[in-house]
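# Structural overview for review
Below are the chains, spelled out letter by letter.
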Amino acid sequence: MNLELHVWRQAAPNAKGSFVTYAARDISPDMSFLEMLDVVNEGLVAAGNDPVAFDHDCREGICGSCGMMINGVAHGPMRATATCQLHMRHFADADVIWIEPWRARAFPVVKDLVVNRSALDRIIAAGGFVSVNTGSAPEANSQPVAKQDADDAMDAAACIGCGACIAACPNGSASLFTAAKISHLGLLPHGQPERMRRALRMVAQMDVEGFGHCTLFGECQEACPKEISIDTIARMNRDFLLATVGHREEKALSGSA
């Protein structure tokens, strides 16, 4: 198939960007979207031009590196699919495709389709450590975990940190990402000692990074390639509220002492 691409090109973070039109020719329907971009880049390099910069790594929907807006949709038209898993058979010959980077204040453009997502790393780091006993592995059933808690924790842990939820959110909120990282530890026994403190620190760091506030619009869960539910946000809000009240009570008691 032959396609017309309108790709966002921006040479540097402070440079002025614009859409540039490219022709993608003889594209196999079996190619992934990233493989299609590889073909376009090969043509650009052969012609002595600068290739389109885009993030990628595992190309298996696991690492979360790939991510771009495709025709205004995070990761493209297929639900629960990362950009690297999107295949060209979902497009038709002569289609016009608009490709741009994540759009969020906390995700500054580095070059072309590459954005700086280090804010997500700082949110995770703000959560701090997890108290665990070191040494040999404990007996598997020594600490029972309810099946529903285990299932919910695994669902939350599926987050790959791609940032699609933020790019899709009208407010540019990182609540789904932060809630997933809080939930997958907060639901399990070994995550309990730091549970309240973790919620306080990670939500505070999310605000520091300049992400927008959550209004439960729901677009985040629609864009998430791992289909993480906004139920995790409700869980995070509950933990944050309890942690805030508890923290105030501790300060009041320490002040009276």
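Note that the structure is a prediction, hence the values are computed from the model and not measured.

## Focus: the packing of helix α2 (residues 118-126) against helix α5 (residues 175-186)
- At a minimum axis distance of 11 Å, the contact between α2 and α5 shows a crossing angle of 30 degrees. Crossing angle aside, the handedness with which α2 passes α5 is right-handed. Across from Leu120, Ile123 and Ile124 in α2, the residues of α5 making contact are Phe177, Thr178 and Lys181.
- Partitioned by chemical class, the residues of the contact of α2 with α5 number 4 nonpolar, 1 polar and 1 charged.

## A short note on the pattern of salt bridges
- Inspection of the entire model under this criterion finds 15 salt bridges.
- With a closest N to O distance of 3.3 Å, Arg79 and Glu227 form a salt bridge. Here Glu227 lies in the loop between α7 (219-223) and α8 (231-256) and Arg79 lies in the loop between β4 (73-74) and β5 (96-100), a separation of 148 residues in the sequence.
- Of the residues examined, Arg79 reaches a relative accessible area of 44% and is grouped as partly exposed.
- When salt bridges with common partners are traced through the structure, they connect Arg9, Asp50, Lys111 and Asp112 into a single cluster.

## Quick notes on the sheet that holds strand β2 (residues 18-24)
- Strands sit in the order β2-β1-β5-β3-β4 across an open sheet of 5 strands; the sheet is mixed. The open sheet terminates on both sides in strands that have one partner only, identified here as β2 and β4.
- Both strand β1 (residues 3-9) and β5 contribute to a ladder of 4 bridges, which runs parallel. By the bridge assignment, Glu4 is partnered in β5 with Val96.

## Thoughts on a nonpolar patch on the surface
- Residues Phe19, Val96 and Trp98 make up a contiguous nonpolar surface patch of about 250 Å² in total accessible area.
- Residue placement: Trp98 occurs in strand β5.

## Details of the packing of α2 against helix α6 (residues 195-208)
- At a minimum axis separation of 7 Å, α2 and α6 run at an interaxial angle of 155 degrees. The orientation of α2 relative to α6 falls into the category roughly antiparallel. Like other packed secondary-structure pairs, α2 and α6 cross with a definite hand, here right-handed. Of α6, the residues touching α2 (which contributes Arg122, Ile123, Ile124 and Ala126) are Arg201, Met202, Gln205 and Met206.
- Class assignment of the residues belonging to the contact of α2 with α6 gives a composition of 5 nonpolar, 1 polar and 2 charged.

Each value, and the rule that gives it
- Residues numbered from 1 in each chain as written.
- Predicted model: local features only at pLDDT ≥ 70, side-chain atom pairs only at ≥ 80, totals over all residues.
- Heavy atoms only, no water.
- Axes fitted to C-alpha atoms, helices over the stretch in contact; angles between N-to-C directions.
- Helix = DSSP H or I, 4+ residues; strand = E, 2+ residues; numbered from the N terminus.
- Left-handed = near helix turned anticlockwise from the far one by under 90°.
- Contact = heavy atoms within 4.5 Å.
- Nonpolar A, V, L, I, M, F, W, Y, C, P; charged D, E, K, R; others polar.
- Salt bridge = Lys/Arg side-chain N within 4 Å of Asp/Glu carboxyl O.
- Buried < 20%, exposed > 50% of the residue type's maximum accessible area, 1.4 Å probe, protein only.
- Pairing = 2+ DSSP bridges.
- Patch = residues over 30% accessible without salt bridge, like charges linked within 9 Å, V, L, I, M, F, W, Y side chains within 5 Å.
- Areas by Shrake-Rupley, 256 points an atom, 1.4 Å probe, with all protein chains shown as cover.
- Parallel < 35°, antiparallel > 145°, perpendicular 65-115°, else oblique.

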